[in-house]
Structure formats: C-alpha cells, structure tokens
Amino acid sequence: QVQLVESGGGLVQAGGSLRLSCVASGNIFSISTMAWYRQFPGKQRELVADFQSYGGITYGDSVKGRFTISKDNAKNTTYLQMSSLKPEDTAVYYCLADVMTTDRGSTFRYYWGQGTQVTVSS
C-alpha cells in the first residue's frame, strides 16, 4: 500500500515560518501530482497549493505570496514553505498524492496523509 507522512507542523508566532514535508512510500509506481490541503475545525478541507498537470502551480487565495510548494520527485516528497504566518492559518495540514501502485491493473488514485497540526499564535 501507499503511505503519506507529513511532518514539520508545530506552534509558531504570527509572522514566523514553518516548512512542512510529506513523504510518500510503499509500492509506488508513479505519482502524477502532490498537493497540500488544510482543514479548519468544523470545515471542509481546502486547497492550499498543488501542482497542475501542465506544470503550473495553484495556490489558495489566502496563501498566495506567503506559501511556496515544491517537490523532489526522486524522493517522492513535497514541501510547503510557509512564511508570514497568521493566526488564521491555524489548521491541520494534509498532504494529497495521486498515485499508481505497482499492483497489476493499478490505476491512479488519491491518498491522504494523516495530517500535521499548525498553530499560529498572535
């Protein structure tokens, strides 16, 4: 199977920075894209940043200019550099990957990580 493990969350003061990492492992044949989402209490998950199939990047409006997504394909890893953090960025951050496994007949499907808590104090 496929596992996504996020790390790098924690408590930071407003204006500070954090760097999240997400490593995909398991019987991976190919990853078509990886993305970051976040979830506020009582709300649905919302897109933070992802890689488009054509090579571009999409950011959520509230994080544009402050967050940067990157990836290392050789390591099946994606990163989220978060700067100028605000208390309203406090959420659980999730990694998403579109993965084809090595299983016979496998097709691409989405996998989620377990999430990492980011708390920004004012």
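Look up a bit, the structure's there.
Residues numbered from 1 in each chain as written. Predicted model: local features only at pLDDT ≥ 70, side-chain atom pairs only at ≥ 80, totals over all residues. Heavy atoms only, no water.

A. Summary view of the overall build of the protein. Of regular secondary structure, the protein possesses zero helices and 11 strands. The linear arrangement of helices and strands in the protein, starting from the amino end, is β-β-β-β-β-β-β-β-β-β-β. For the protein, whose C-alpha radius of gyration is 14 Å, the value lies close to the compact-globule estimate of 14 Å for 122 residues. Summarising its shape, the C-alpha atoms of the protein cover approximately 50 × 25 × 25 Å along the three principal directions. Buried residues in the protein amount to 43% of all 122 residues. A fraction of 57% describes how many contacts in the protein between residues 6 or more apart in sequence connect residues 24 or more apart. Surface exposure of the protein reaches about 6600 Å², of which carbon and sulfur atoms provide 49%. Between the mean site of the 11 positive side-chain charges and the mean site of the 9 negative ones, the protein shows a separation of 1 Å. (Helix = DSSP H or I, 4+ residues; strand = E, 2+ residues; numbered from the N terminus. Rg over C-alpha atoms; globule rule 2.2 N^0.38 Å. Buried < 20%, exposed > 50% of the residue type's maximum accessible area, 1.4 Å probe, protein only. Contact = heavy atoms within 4.5 Å. Areas by Shrake-Rupley, 256 points an atom, 1.4 Å probe, with all protein chains shown as cover. Lys, Arg positive; Asp, Glu negative; His and termini not counted. Charge placed at Lys NZ, Arg CZ, Asp CG, Glu CD.)

B. Representation of the state of the cysteines in the model. All told, the structure shown has one disulfide when counted by the stated rule. With a sulfur-sulfur separation of 2.1 Å, Cys22 is cross-linked through a disulfide to Cys95. Of note, the bridge from Cys22 to Cys95 carries an S-S torsion of about -80° and is left-handed in sense. Of this pair, Cys22 sits in strand β3 (residues 18-26) while Cys95 sits in strand β9 (residues 91-101); the two residues are 73 residues apart in sequence, bridging distant segments of the chain. Taking the relative accessible area as the measure of exposure, Cys95 reaches 0% and is therefore buried. (Disulfide = S-S within 2.5 Å.)

C. Broad picture of the pairing of β9. Counting buried residues along β9, 10 of its 11 residues qualify, which places the element largely inside the surrounding structure. With 10 bridges connecting them, strand β4 (residues 28-39) and β9 associate as antiparallel partners. Across the sheet, Trp36 pairs through a bridge with Cys95, a residue of β9. With three bridges connecting them, β9 and strand β11 (residues 116-121) associate as antiparallel partners. Looking at the pairing, Ala91 lines up with Val118 of β11. Relative to strand β10 (residues 109-112), β9 runs antiparallel, the two sharing four bridges. Note that in β10 the partner of Ala97 across the bridge is Tyr111. (Pairing = 2+ DSSP bridges.)

Nothing here speaks to function; it is all geometry.
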